[in-house]
Amino acid sequence: MPLGAGRFGLLGGVADLGKLELIQTQTISSSTANMNFIDIKEDIYEVHLLQISNFSTTTSSDQFLEMRLSNDGGSSYESSNYLYSFQYGGTNGAFGDLKSASASEFDMLVGNASSTGSGNGYMYLYNLGNSSKYSHLTNHTFAINNAGIGYFHFGGYAYTVAETIDAIRLFPSGDNILSLTASLYGLAES
């Protein structure tokens, strides 16, 4: 028996630790105001992964893909108590940071109506189902803005109310989403 096989046999199920389990994939391919994830299985997963691809908007001006959280199954979405800090860098040599200690949503990724400049990235979400902790998010994204400049973003985010979060809404900072594919995964813990 290979050395590693004995270890997994004794501990049982260890091979599944950290395995990503798909909760839902959604795709938008025409003008839509937002994308909602209602059944996020927050009672099962302590950590979620949200993969974003092909984000573009109905206007050529740069817009953020934004996120709000819900504590009532998606009947309403919280519009305060968000904070974030992220860094960005551009192919034009521009580097900087954006931050807010009192935002109405999470700003995560730039997109516009360019067919060649869609935004892509991923976000890890922590503690959504834990009513005694703040919900946290980290992200890493890349997009090409309406001037043809590529930008990366990475940073940290928090929703500063300790409560159970059970739904997620994605939406653009203006106009509508033209295209977006998003997959939500749970990270297995046992």
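That block above? That's the structure.
For clarity, every value in this text was computed on a predicted model and none was experimentally measured. Throughout, residues of each chain are indexed from 1 in the direction in which the sequence is written. Local features are withheld for residues below a pLDDT of 70 in this predicted model, meaning they are given only at 70 or higher, and side-chain atom pairs are given and counted only at 80 or more; totals for whole chains, interfaces and linings count all residues. Note that water and hydrogens are dropped before the side-chain values are worked out from all heavy atoms of the structure.

Undergrad: Would you mind showing me how to read the overall build of the protein here?
TA: Secondary structure elements follow DSSP: runs of H or I no shorter than four residues count as helices, runs of E no shorter than two count as strands, and numbering proceeds from the N terminus. Summing up its helical and strand segments, the protein has one helix and twelve strands in all. In the protein, the order of α-helices and β-strands from amino to carboxyl end is α-β-β-β-β-β-β-β-β-β-β-β-β. Sequence-distant contacts in the protein: of pairs separated by 6 or more residues, those separated by 24 or more amount to 73%. Total accessible area on the protein is roughly 9,000 Å²; 51% of this is exposed by carbon and sulfur atoms. For this analysis, residues touch if any pair of their heavy atoms sits within 4.5 Å. Per-residue and other accessible areas follow the Shrake-Rupley method at a 1.4 Å probe size, with only the shown protein chains counted as cover for residues.

Undergrad: Explanation requested: the pairing of strand S4 (residues 63-70) in the structure shown.
TA: Taken residue by residue, a regular strand's side chains alternate between the two faces of the sheet. Summarising burial for S4: seven of the eight residues are buried, a large majority. Relative to strand S7 (residues 106-111), S4 is paired through five bridges, and the arrangement is antiparallel. Opposite Phe64, over in S7, you have Val110 as the bridge partner. Burial classes: relative accessible area under 20% of the type maximum marks a residue as buried, over 50% as exposed, and values in between as partly exposed (1.4 Å probe, protein chains only). Being paired, for any two strands, means DSSP has found at least two bridges between them.

Undergrad: Would you mind showing me how to read the packing of aromatic side chains here?
TA: Two numbers describe a pair of aromatic rings. These are the distance of the centres and the angle of the planes. Ring pairs shown here join Phe, Tyr and Trp side chains whose ring centres sit within 6.5 Å, with only the six-membered ring taken for Trp; geometry is labelled stacked below 30 degrees between planes, edge-to-face above 60, and tilted in between. On inspection of all chains with the given rule, the structure shows twelve aromatic pairs. For the ring pair Tyr84 and Tyr157, a centre distance of 5.7 Å and an interplane angle of 35 degrees mean the geometry is tilted. Note that Tyr84 is positioned in strand S5 (residues 82-90) and Tyr157 in strand S10 (residues 150-159), a separation of 73 residues in sequence. Tyr157 matches Tyr84 in its accessibility class, with the two residues each being buried.

Undergrad: Is there a simple way to explain the sheet that holds S4 in this structure?
TA: Hydrogen bonds along the backbone pair up the strands of a sheet, which may run parallel or antiparallel. Overall, antiparallel pairing links the four strands, which are arranged S2-S11-S4-S7 in an open sheet. Of all the strands in the sheet, just strand S2 (35-37) and S7 have a single pairing partner and so form its edges. Here the average twist between neighbouring strands, direction ignored, is 20 degrees. Here S4 pairs with strand S11 (residues 167-172) via six bridges, running antiparallel. Bridge pairing in S11 links Leu65 to Pro172. To define axes, lines are fitted to C-alpha atoms, for helices over the stretch in contact only, and angles between the resulting N-to-C directions are given on a 0 to 180 degree scale.

Undergrad: What's the story with the sheet that holds strand S8 (residues 119-126) in this structure? I'm lost.
TA: Here eight strands make up an open sheet; going across it, the order is S1-S12-S3-S8-S9-S10-S5-S6 and the pairing antiparallel. Of all strands in the sheet, those with a lone pairing partner are strand S1 (20-28) and strand S6 (95-103), marking the two edges. In this sheet, adjacent strand axes meet at a mean angle of 15 degrees when their direction is disregarded. When S8 meets strand S9 (residues 135-144), the two strands line up antiparallel, connected through seven bridges. In the strand pairing of S9, Tyr122 is matched with His140.

Undergrad: Sorry, what's going on with the pattern of salt bridges here?
TA: It is possible for side chains bearing opposite charge to pair when their charged atoms get close. Note on definitions: salt bridges are taken to be side-chain nitrogens of Lys or Arg within 4 Å of carboxyl oxygens of Asp or Glu. In the structure shown here, the tally under the stated rule is three salt bridges. For Lys41, the salt bridge is made with Asp39, and the minimal N-O distance between the two is 3.2 Å. Assessed through its relative accessible area of 27%, Lys41 is described here as partly exposed. Judged by its relative accessible area of 48%, Asp39 falls in the partly exposed class. The partner of Lys99 in a salt bridge is Asp97, with the nearest N and O atoms 2.8 Å apart.

Undergrad: Help me out: how do you make sense of the pairing of S9 in this one?
TA: Judged by which residues are buried, S9 turns out to be one-sided: Ser135, Leu137, Asn139, Thr141 and Ala143 face inward and are buried, whereas His136, Thr138, His140, Phe142 and Ile144, on the alternate face, are not. Across ten bridges, S9 lies against S10 in antiparallel orientation. Bridge pairing in S10 places Leu137 opposite Tyr157. Here S9 folds back onto S10, and the loop between the two strands holds five residues, one of which, Gly148, carries a positive phi near 85 degrees.

Undergrad: Looking at this structure, I do not really get the environment of Gly73. What am I missing?
TA: As for its placement among the helices and strands, Gly73 is situated in the loop between S4 and S5. Other than its neighbours up to four places away in sequence, Gly73 contacts Ile38, Asp166 and Ala167.

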